[in-house]
Amino acid sequence: MPLTLEQLNAATQADFVALLDGTYEHSPWVAEGAWAARPFASLPALKAALAASVRRAGRDQQMALVRSHPELAGKAMASNTLTAESTNEQSKAGLTNCTPDELALIGRLNAQYNARFGFPFIMPVRGPRGTGLSKQQIIATVQRRLNHHPDYEFAEALRAIHRIAEIRLDDKFGQAPALGNLVWDWSEQLARYTDPGYAERGELTVTYLTEAHRACAAQLAAWMREDCGFDEVGIDAVGNVVGIYHGTDRSAPRLLTGSHYDTVRNGGKYDGRLGILVPMACVRELHRAGKRLPYGFEVVGFSEEEGQRYKAVFLGSGALTGDFDANWLDQQDADGITMRAAIAHAGLRAEDIAALKRDAARYLGFVEVHIEQGPVLNEMDLPLGIVTSINGSVRYVGEVIGMASHAGTTPMDRRRDAAAAVAELVLFMEKRAAAEPHLVATVGMLEVPNGSINVVPGRCKFSLDIRATTNAARDACERDVLAELQAICERRGVHHQVEQTMRASAAPSAPAWQQRWEAAVQAQGLPLYRMPSGAGHDAMKLHEIMPQAMLFVRGENAGISHNPLESTTNHDMELSVRAFQTLLTQLASEQA
């Protein structure tokens, strides 16, 4: 019989530990430390308490937990001394059926890893979907993680242990994250579509109105119509996929949600797309239950947010706010194709874009689910986070001009080194931003045109990116950076030029909507964590005309995004769907 929370909540400490035996490998102390947190209202609450027990432990006890795990396809497997749980997991990944060459390679990698870090390589080999990774995926992960810093890798090992425990608890409780699996599978299917030149390398790239982009739109529309039961589905003049699920009162204001389905080049599967698929799953469940909300629910897959094909961003969400600039239509991509021509080729009408502007009075607000794109939730063992504000940002491109001269014959006190001037600015920005919370400053592009190893750089091109939770903090840093650039150039006898390329205001979450997300997260039995968003999102465009708030979902691999390693798990996806369902229900009770 599956284990139940009622059994655990009523158990003595000894029985509690016995019931959870095998969840954390050879480490009953983890359950002992979580016992006092009873009663648990949900399985996620139990998982959080177990993770907290590990966090409270000292380094020595944590290291003992890590070292209690067997090597992958190692001596314990060969001697049949693996626990039942480990045997099941390694079997699902095919590690119990390795060829001699595979065993030899894994053995060498295990030895290298242990020699470098002093503990065995640990990985949840059943993977983020729970069905098992391939041997090739596992081997590639070991090879990649061999390059990590030891402190980071120790933390990664603990995170892997929590994920292993999460999957084992599903087995004990006879549960599965069905809605998370649905969203996971949709994400995988949508990732089949990718632009030419990238598809051949197995990379995901979907840029505005390419064939792959239009295929994504068609697939989303088909799922909305056929699988989810939306009442109205269409692709609008800018390429947005719009699904409407009517409420009991069709004249009532709607709740708007969504995110973008385009990607950066060689990007990940969840950036943007998660914010479309999660509410789609909510509509699917409402439709299957024959339920209607007292308000309408509109889900938009925004066609463009990343600015990869044309030098314009937020084309999809900007069309809804009335900010689509008709001058963009004459921009050309790298192949000389204008945006106007691309829109026409897709069978859309550019002259209809202006009519897409939404009347804010017809909407309750905008909410967005998004993968975090950062390491914070991952480091804190938290699946969900509440966004307090989307950072305001400003960007520049610039150049410092000095004098190119011979590296061997130009004395150090006679140089007009453009690259050294920019390097000094980079270090100033790093120090200036680090001195203030929730402020970041980055030089992401740095180039010495036609540079040579034996030439003092005469020119250096660079970019500036400054972001903060408030416009005031951003602007203060911007003033300081530009003033420092001027002072550096005067002192070094060089000159500079800069051009502002983007300025976006901060978008603080509407308090009422942030509180709804907080209540939805608490209802899952999870602790609250509030955090700013350093990245821009479609929500910051909708913020211009209606209240908005966002929910972040933890990413794996230190939360990396805009990268093929971008990932999240079926359990975290499940929690994001459940939280969204709770928000919808809560809002329905307010509207009744």
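Residues numbered from 1 in each chain as written. Predicted model: local features only at pLDDT ≥ 70, side-chain atom pairs only at ≥ 80, totals over all residues. Heavy atoms only, no water.

Caption draft 1: Quick peek at the nonpolar core. Residues M280 and W517 are the most contacted members of the largest nonpolar core, which totals 59 residues. Aside from chain neighbours lying at most four places away, what touches W517 is V367, E368, V369, I386, A549, M550, L551, A579, F580 and L583. In terms of nonpolar packing, the next biggest core, distinct from the first, is built from 54 residues, L50, L82, Y113 and F173 among them. (Core = buried A, V, L, I, M, F, W, Y, C linked by side-chain atoms within 4.5 Å. Buried < 20%, exposed > 50% of the residue type's maximum accessible area, 1.4 Å probe, protein only. Contact = heavy atoms within 4.5 Å.)

Caption draft 2: Representation of the packing of aromatic side chains in the model. Summed over all chains, the structure comprises twelve aromatic pairs. Ring centres 5.9 Å apart and planes at 70 degrees place the aromatic pair F119 and F154 in the edge-to-face group. Note that F119 is positioned in the loop between helix 8 (100-117) and helix 9 (135-145) and F154 in helix 10 (residues 150-173), a separation of 35 residues in sequence. In this structure, F119 and F154 share a single accessibility class: buried. Above the plane of the ring of Y245 lies R292, whose end atom (NZ or CZ) is 4.3 Å from the centre. (Phe/Tyr/Trp six-rings, centres within 6.5 Å; stacked < 30°, edge-to-face > 60°. Helix = DSSP H or I, 4+ residues; strand = E, 2+ residues; numbered from the N terminus. Lys NZ or Arg CZ within 6 Å of the ring centre and 35° of its normal.)

Caption draft 3: Local environment of the pairing of strand 1 (residues 232-235). Strand direction decides the pairing type here: strand 1 and strand 2 (residues 241-245), joined by four bridges, are antiparallel. The partner of I235 across the bridge, within strand 2, is V241. From the end of strand 1 to the start of strand 2, which pair antiparallel, there are five residues, and G239 there has a positive phi angle of about 100 degrees. (Pairing = 2+ DSSP bridges.)

Caption draft 4: Representation of empty space enclosed by the protein. For the structure on display, the rule yields five cavities of 30 Å³ or more. Every residue lining the largest cavity is listed: H69, P70, L72, S86, E89, Q90, F121, I122, M123, V125, I164 and R168. Top element by residues in the lining of the largest cavity is helix 7 (residues 84-92). It accounts for three residues. For the lining of the largest cavity, the residue count by class is seven nonpolar, three polar and two charged. In this structure, the second largest cavity encloses a volume near 40 Å³. For the lining of the second largest cavity, the secondary-structure elements that each account for two or more residues are helix 8 and helix 9. Here the residues of the lining of the second largest cavity sort into six nonpolar, one polar and no charged. (1 Å grid on protein atoms, 1.4 Å probe; cavity = no way out; pocket = protein on both sides within 12 Å on 5 of 7 lines; lining within 4 Å. Points joined across faces, edges and corners; volume = space filled by probe spheres on them. Nonpolar A, V, L, I, M, F, W, Y, C, P; charged D, E, K, R; others polar.)

Caption draft 5: Structural context of the environment of H438. The topology assignment puts H438 in the loop between helix 17 (418-434) and strand 9 (439-442). Residue class for H438 comes out partly exposed when judged on its relative accessible area of 46%. Distance in space between the C-alpha atoms of H438 and P532 is 7.4 Å, their sequence separation being 94 residues.

Caption draft 6: Geometry of the pattern of salt bridges. Per the stated rule, a full pass over the model turns up 37 salt bridges. Across the salt bridge formed by E518 and R530, the nearest N and O atoms sit 2.8 Å from each other. With E518 in helix 19 (residues 511-522) and R530 in strand 15 (residues 530-533), the pair connects residues that are twelve residues apart, well separated along the chain. Looking at E518, the relative accessible area reads 11%, which means it is buried. Taken together, the shared-partner salt bridges in this structure form one network comprising R474, D475, E478 and R503. (Salt bridge = Lys/Arg side-chain N within 4 Å of Asp/Glu carboxyl O.)

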